[in-house]
Amino acid sequence: MALQALQSSGVAFRKILSHFPEELSLAFAYGSGVYRQVGPSSDQKNAMLDFVFTVDDPVTWHSKNLKKNWNHYSFLKVLGPKIITTIQNNYGAGVYYNPLIMCNGRLIKYGVISTNSLIEDLLNWNNLYVAGRLQKPVKIIAMNENVALRSALDKNLKSAVTTAFLMLPESFSEEDLFIEIAGLSYSGDFRMVVGEDKTKVLNIVKPNIAHFRELYGNILQENPQVVYKIQHGRLEIDKSPEGQFTQLMTLPKTLQQQINHIMDPPGKNRDVEETLLQVAHDPDCGEVVRLGLSAIVRPSSMKQSTKGIFTAGVKKTVVYSSLKLHK
């Protein structure tokens, strides 16, 4: 199972986790502090560690965390856990970040998302925000026995493969595939224009091919639409209209809806299946899929970044943005 590749028993990460309330359905670490990257983010030892904590009951969790870690929160802490949870759930991508926290001798950033919101994003790609992070290698530090969550994590990886197939030619390398997958959640992200390193995706993939292979190997071997020549690191897929229609029909719901919105002329009101059949025959099928991704990611990333000014506080936002710009 692909998720086995995500497991980690890192003692350092678990020590950091011990500073937070225990009620977590999933906790993972990601980014340049966890997996080596080339370029500006290559200083792994001093890189900020990024975490996401998934919780079943955000109000209760924030209430306990405010008692343990009052100083982690911006001025919003005075409004209490219910308002914090409302801001978390109803604005941006459903995640509440506290950045620039010193914990166990390391600088960390952690986001909190509800289990239900994460499952929705993993299955439907409503925001492709936390789901996008989970399409790249991460270190799972804690995970409970939530069958729906585990199934959604696996489905997210399969959806990433299918989407990448639609944007690739008939024959390509493993590296081509992993670059396409790693770039899904950056499609249309305004931070890739302002603040982020322009070669970020390549820098993520190049030193971590083995980790991507571990994450996606079983999915690729079991997929009936691909010939996976492992020994040569090459793949071949069915690019016929029939093959592409099959792939389009399995895409996450929000991406299908965005494609339909892009391709459906005013007044036609065609159903999604009819539109996807047209796209399957279109020579620019891959570009249409890419536009659909951008339509999800762009507003999500902008709203989440705007929310970050309030959840982090102005001072931390300025410092954090400065760190990003001067990597």
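Everything below is about the structure printed above this text.
Reference entry: report on the structure contained in this document. Quick caveat: nothing in here was measured; it's all calculated off a predicted structure. (Residues numbered from 1 in each chain as written. Predicted model: local features only at pLDDT ≥ 70, side-chain atom pairs only at ≥ 80, totals over all residues. Heavy atoms only, no water.)

A word on the overall build of the protein chain. For the protein chain, the count of helices and strands is 14 helices and eight strands. Buried positions account for 54% of the 327 residues belonging to the protein chain. For the protein chain, the proportion of contacts with a sequence separation of at least 24, taken over those separated by at least 6, is 70%. Summed over all atoms, the accessible surface of the protein chain reaches about 14700 Å², with 55% contributed by carbon and sulfur. (Helix = DSSP H or I, 4+ residues; strand = E, 2+ residues; numbered from the N terminus. Buried < 20%, exposed > 50% of the residue type's maximum accessible area, 1.4 Å probe, protein only. Contact = heavy atoms within 4.5 Å. Areas by Shrake-Rupley, 256 points an atom, 1.4 Å probe, with all protein chains shown as cover.)

Moving on: the packing of aromatic side chains. Summed over all chains, the structure comprises 12 aromatic pairs. Ring geometry for Phe 20 and Tyr 110: centres 4.6 Å apart, planes at 65°, overall edge-to-face. A residue pair is termed long-range when its members are at least 10 positions apart, and Phe 20 in the loop between helix H1 (11-17) and strand E1 (26-30) and Tyr 110 in strand E4 (residues 106-114) qualify at 90 residues. As far as the burial class goes, Phe 20 and Tyr 110 line up, both buried. Lys 109 extends its terminal NZ or CZ atom over the ring of Tyr 97, reaching a point 4.9 Å from the ring centre. Above the ring of Tyr 129, the side-chain terminus of Arg 133 is found at 4.3 Å from the ring centroid. (Phe/Tyr/Trp six-rings, centres within 6.5 Å; stacked < 30°, edge-to-face > 60°. Lys NZ or Arg CZ within 6 Å of the ring centre and 35° of its normal.)

Attention now goes to the sheet that holds strand E8 (residues 234-237). Pairing is antiparallel across the open sheet formed by three strands, whose spatial order is E6-E8-E7. A single partner strand is all that each edge strand has here, and the edge strands are strand E6 (171-173) and strand E7 (226-229). On average, each strand axis in the sheet is inclined to that of its neighbour by 20°, with strand direction left out of account. In this structure, E7 lies alongside E8, joined through four bridges in antiparallel fashion. Bridged to Val 227 within E8 is Glu 236. (Pairing = 2+ DSSP bridges. Axes fitted to C-alpha atoms, helices over the stretch in contact; angles between N-to-C directions.)

With that settled, the discussion passes to the pattern of salt bridges. If the charged atoms of two oppositely charged side chains come close together, the side chains can form a pair. Applying the stated criterion across every chain, the model contains 10 salt bridges. With a closest N to O distance of 2.6 Å, Glu 23 and Lys 64 form a salt bridge. Of the two residues, Glu 23 sits in the loop between H1 and E1 while Lys 64 sits in helix H2 (residues 58-68), which places them 41 residues apart along the sequence. For Glu 23, a relative accessible area of 41% corresponds to the partly exposed category. By relative accessible area, Lys 64 is classed as partly exposed at 36%. Its salt-bridge partner being Glu 145, residue Arg 150 comes within 3.5 Å of it at the nearest N-O pair. (Salt bridge = Lys/Arg side-chain N within 4 Å of Asp/Glu carboxyl O.)

In this structure, Phe 28, Val 130, Leu 177, Tyr 216, Leu 248 and Ile 259 are the most contacted members of the largest nonpolar core, which totals 66 residues. Looking at which element gives the most residues to this core, the answer is helix H6 (residues 147-166), with nine residues. The contacts of Tyr 216, once residues within four sequence positions are left out, are Gln 135, Leu 157, Ala 160, Val 161, Phe 178 and Ile 181. The next biggest cluster of nonpolar side chains, apart from the first, holds 26 residues, and it includes Val 34, Phe 53, Tyr 96 and Cys 103. (Core = buried A, V, L, I, M, F, W, Y, C linked by side-chain atoms within 4.5 Å.)

Spatially, five strands are ordered E3-E4-E2-E1-E5 in an open sheet, and the strand pairing comes out mixed. Where the open sheet ends on each side, the last strands, each with one partner, are strand E3 (95-103) and strand E5 (139-143). Taking each pair of neighbouring strands and ignoring which way they run, the sheet shows an average axis angle of 20°. Sitting on the sheet, helix H4 (residues 115-124) touches E1, strand E2 (49-55) and E4, and the angle it makes with E4 is about 85°.

What follows deals with the pairing of E2. Within E2, seven of the seven residues are buried, which leaves the element mostly enclosed by the surrounding structure. In E2, alternate side chains face the same way, and those of Leu 49, Phe 51, Phe 53 and Val 55 on one face and Asp 50, Val 52 and Thr 54 on the other are all buried. Taken together, the five bridges between E1 and E2 define a ladder with antiparallel strand orientation. From the neighbouring strand, Ala 27 faces E2, where its bridge partner is Phe 53. Here seven bridges tie E2 to E4, and the two strands are oriented parallel to one another. Counted as the bridge partner of Thr 54 is Ile 113 from E4.

Attention shifts here to the environment of Val 279. Examined against the element boundaries, Val 279 turns out to sit in helix H12 (residues 272-280). Each C-alpha atom, one on Val 279 and one on Asn 260, is 9.2 Å from the other, the two residues being 19 residues apart in sequence. Aside from chain neighbours lying at most four places away, what touches Val 279 is Leu 248, Ile 259, Met 263, Cys 285 and Val 288.

Contact geometry for H6 and helix H9 (residues 209-222): axes closest at 10 Å, N-to-C directions at 75°. Here H9 runs roughly perpendicular to H6, going by the angle between their axes. Contact with H6, carried on its side by Asp 154, Leu 157, Lys 158, Ala 160, Val 161 and Phe 165, involves Leu 215, Tyr 216, Ile 219 and Leu 220 of H9 and no other residues of that element. Its residues assigned to classes, the contact of H6 with H9 shows eight nonpolar, no polar and two charged. (Parallel < 35°, antiparallel > 145°, perpendicular 65-115°, else oblique. Nonpolar A, V, L, I, M, F, W, Y, C, P; charged D, E, K, R; others polar.)

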